[in-house]
Amino acid sequence: MATTRIISMHINKGKTIGQCLSDRTDYAKNPEKTQDGELISSFACDPATVDAEFLFAKRQYRAATGRDQKNDVIAYQVRQSFKPGEVTPEEANRIGYEFAERFLKGKHAFLVATHTDRRHIHNHIIWNSTTLDCKGKFRDFLRSAMAVRRLSDLVCLEHRLSVIENPKRGSLSYNKWLGEQAKPSQREQLRQAIDTALERRPADLEALLVLLTGAGIEVQRRGKSISLRTGTGKKFLRLDRLGKGYGEADLRAGLAGEKEHKPDRKQEVRQPAQRVSLLVDIEAKLRSGKGAGYARWASKFNLKQTAQTLAYLNQHQLLDYQVLSEKTAAATDRYHQLGDKIKAAEKRMAEIAVLRTHIVNYAKTHEIYTAYRKAGYSKKFRADHEADILLHQAAKRAFDELSIKKLPKMKDLQAEYAALLAEKKAAYADYRKARDEMRELLAVKANVDQIMGRDGRGSTQEKEHGQR
């Protein structure tokens, strides 16, 4: 679980842009809080000279656009705090780096510093407001805090960490916040569920109601009336209140072939997929202090999830426990393989971006550094051109570390970067599908294990019993 906060960094009164950048980055890089700098990572900049590199980019921006930045945002920061005991400092830093990489899309240099001086491990993620090409700026947008939180939650889930399930929103209601993608009403969801069940051609109304129950719809009978409710609905709705063609008489006539059923929905909406959730360990919850009311709710919840679990097993032909286990393991392996492939591409893209930046900085500062060398490494000359000299030296160190004797062509680096980006985008679609499949299979298998009293492995006798 991680909480996030996005902060705009402005120029402090009486200080220069360079001094403000130095103050912010020095605080983040504090060796007493980052295990002597071991918990610092960066993209397209050197942590040792990050303030000078940010400042140099702003000078290039001013030279290219003619715009001054005196009253503008000079950098942005996201504070990402983790639940105590849930993550190691190294993993927290990796999560922060992955978040920044995906949020900024390779357009801004950034620094990730993980602090361990408090009970909760937290990241300081600082990025330059000026883009890497020095032609644009990052602009804080409407609901950026929500976008930051959502992406942070997604990255945490992918690393198997918990998230805050019901975070507080602003004054805007949930449906208004969703806009055109607003959640369909319960009436719409019930009509769609009936239409989907009718496509399976049930023999009669009773068979139709069984299919609806398997899809997570609650059925209630009072006298001669039949009412339905979705898993998230607040109240039951009678069939004759769902619209033309959905009353009991209409449905019976349609099932008997006496009339054709015509879907009558106000809007075409897709029925949200019925996700299988993990069963609640009621006894453990009661021991932790939950009351009888919670036990009643949990019992009802478990019945629903058991029905959904069985429906999933039937739908996907996974009635053999061994097959279920193998498919779950295969889905998990595929998810991690795709994740490793994406991370490898991202790592190489980061290397290319850094190398490209150093090549540009090296070329731009070559004349100044040559003059500095001819001046006998004069202290006065260095003081006047310190930012450029630091950038040149950082570029030279990077080339030495990579054992580069001949600089690659920018055209070749750009072509490789574009190819990796295309590969990464293509892999992400499969990655998301694999992630969803893995999560659902893991939940289904965990439910089967709990229902049958397994420990995750199961005995031969249990397996035989489960296959009958």
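Conventions used here
- Residues numbered from 1 in each chain as written.
- Predicted model: local features only at pLDDT ≥ 70, side-chain atom pairs only at ≥ 80, totals over all residues.
- Heavy atoms only, no water.
- Helix = DSSP H or I, 4+ residues; strand = E, 2+ residues; numbered from the N terminus.
- Buried < 20%, exposed > 50% of the residue type's maximum accessible area, 1.4 Å probe, protein only.
- Contact = heavy atoms within 4.5 Å.
- Areas by Shrake-Rupley, 256 points an atom, 1.4 Å probe, with all protein chains shown as cover.
- Salt bridge = Lys/Arg side-chain N within 4 Å of Asp/Glu carboxyl O.
- Axes fitted to C-alpha atoms, helices over the stretch in contact; angles between N-to-C directions.
- Parallel < 35°, antiparallel > 145°, perpendicular 65-115°, else oblique.
- Left-handed = near helix turned anticlockwise from the far one by under 90°.
- Nonpolar A, V, L, I, M, F, W, Y, C, P; charged D, E, K, R; others polar.
- Phe/Tyr/Trp six-rings, centres within 6.5 Å; stacked < 30°, edge-to-face > 60°.
- Lys NZ or Arg CZ within 6 Å of the ring centre and 35° of its normal.
- Pairing = 2+ DSSP bridges.
- pLDDT = per-residue confidence, 0-100.
- Expected span 1.5 Å × (residues − 1).
- Patch = residues over 30% accessible without salt bridge, like charges linked within 9 Å, V, L, I, M, F, W, Y side chains within 5 Å.
- Lys, Arg positive; Asp, Glu negative; His and termini not counted.
- Charge placed at Lys NZ, Arg CZ, Asp CG, Glu CD.
- Core = buried A, V, L, I, M, F, W, Y, C linked by side-chain atoms within 4.5 Å.

Visitor: Requested: an account of the overall build of the chain, with residues and values cited.
Guide: For the chain, the helix and strand inventory stands at 15 helices and eight strands. Scored against the burial criterion, the 468 residues of the chain give a buried share of 43%. Within the chain, contacts between residues at least 6 apart in sequence are counted, and of these 70% link residues at least 24 apart. Here the chain displays about 27,200 Å² of accessible surface, and carbon together with sulfur accounts for 50% of that area.

Visitor: Could you give an account of the side chain of S227, with specific residues and numbers?
Guide: Looking at the secondary structure, you find S227 in strand 7 (residues 225-229). Judged by its relative accessible area of 7%, S227 falls in the buried class. Residues contacting S227, with those up to four places away along its chain left out, are E218, V219, Q220, F236, L237 and R238.

Visitor: Report on the pattern of salt bridges, specifying residues and quantitative values.
Guide: Evaluation of the coordinates by the stated rule reveals 17 salt bridges. Close ionic contact of D250 with K259 constitutes a salt bridge, the shortest N to O distance being 3.2 Å. For D250, a relative accessible area of 27% corresponds to the partly exposed category. By relative accessible area, which is 40% here, K259 ends up partly exposed. Measuring nitrogen to oxygen at the nearest pair gives 3.5 Å for the salt bridge that ties R435 to D436. Each of R348, E351 and E416 takes part in a single network of salt bridges with overlapping partners.

Visitor: Please provide a residue-by-residue account of the packing of helix 4 (residues 144-158) against helix 14 (residues 410-451), values included.
Guide: Packed helices, taken two at a time, are described by the angle between their axes plus the distance between the axes. Where helix 4 contacts helix 14, the axes come no closer than 12 Å and their chain directions differ by 60°. With respect to each other, helix 4 and helix 14 are oriented oblique. Read as a crossing pair, helix 4 and helix 14 show a hand that is left-handed. Where helix 4 approaches helix 14, its residues L154, L157 and E158 are matched on the opposing element by Y431, R435 and R439. The residue inventory of the contact of helix 4 with helix 14, partitioned by class, reads three nonpolar, no polar and three charged.

Visitor: Give a description of the packing of aromatic side chains that names residues and reports values.
Guide: Per the counting criterion, the structure on display carries 14 aromatic pairs. Between Y372 and Y377, the aromatic rings sit 5.1 Å apart at their centres with planes inclined by 85°, giving edge-to-face as the arrangement. Relative accessible area serves as the criterion here: at 6%, Y372 is assigned to the buried category. Positioned above the aromatic ring of Y417 is the side chain of R356, whose terminal nitrogen or guanidinium carbon lies 4.9 Å from the ring centre.

Visitor: Please give an account of the pairing of strand 3 (residues 75-82) that cites residues and values.
Guide: For strand 3, a buried count of seven out of eight residues is recorded, marking the element as mostly surrounded by other parts of the structure. Two elements, strand 3 and strand 5 (residues 122-128), share seven bridges in a ladder whose sense is antiparallel. In the strand pairing of strand 5, V78 is matched with I125.

Visitor: Hey, could you go over the confidence of the model for the chain for me, with residue numbers and the actual values?
Guide: Residues with a pLDDT of 70 or more make up 84% of the chain, whose mean pLDDT is 81. Segment residues 455-468 is flagged for pLDDT under 50; beyond a separation of four residues in sequence, or across chains, it makes 19 contacts in the model.

Visitor: Let's hear about the sheet that holds strand 8 (residues 237-238): which residues, and what values?
Guide: Taken in spatial order, the three strands of this open sheet run 6-7-8, and their pairing is antiparallel. Each end of this open sheet is capped by a strand with a single partner; those strands are strand 6 (218-222) and strand 8. With two bridges joining them, strand 7 and strand 8 adopt antiparallel strand pairing. The partner of S227 across the bridge, within strand 8, is R238.

Visitor: Describe helix 3 (residues 89-104), listing the residues and the values that go with them.
Guide: The terminal C-alpha atoms of helix 3 lie 22 Å apart, and with 16 residues this matches the ideal 22 Å at 1.5 Å per residue to within 8%. Buried residues dominate helix 3, accounting for 14 of its 16 residues. One or two residues past the end of helix 3 sits K105, with phi positive at roughly 55°.

Visitor: Hey, could you go over a negative patch on the surface for me, with residue numbers and the actual values?
Guide: Taken together, the side chains of E32, D36, E38 and E90 make up a negatively charged region of the molecular surface. According to the relative accessible area criterion, E38 is exposed, its value standing at 64%.

Visitor: Outline the nonpolar core, listing residues and values.
Guide: By size, the foremost hydrophobic cluster in this structure holds 44 residues, and its most contacted members are F99, F103, F110 and W127. For this core, the element with the highest residue contribution is helix 3, accounting for seven residues. Residue contacts for W127: discarding those within four places in its chain leaves I6, F54, A75, Y76, Q77, V78, F103, L104, H108, A109, F110 and F138. The next biggest cluster of nonpolar side chains, apart from the first, holds 18 residues, and it includes L205, L208, L209 and L242.

Visitor: Can you explain unusual backbone geometry? Please cite residues and give values.
Guide: Unlike most non-glycine residues, A44 shows phi in positive territory, near 60°. Among the residues examined, A44 registers a relative accessible area of 4% and is labelled buried. We note that Y377 has phi near 55°; this positive angle belongs to a residue other than glycine.

Visitor: Account for the environment of H159, with residues named and values stated.
Guide: Checked against the element boundaries, H159 lands in the loop between helix 4 and helix 5 (174-178). H159 gets classed as buried once you look at its relative accessible area, which sits at 17%. For H159 and V87, which are 72 residues apart along the polypeptide, the C-alpha to C-alpha distance reads 9.7 Å. Beyond its immediate sequence surroundings of up to four residues, H159 is in contact with E91, I95, E98 and K343.

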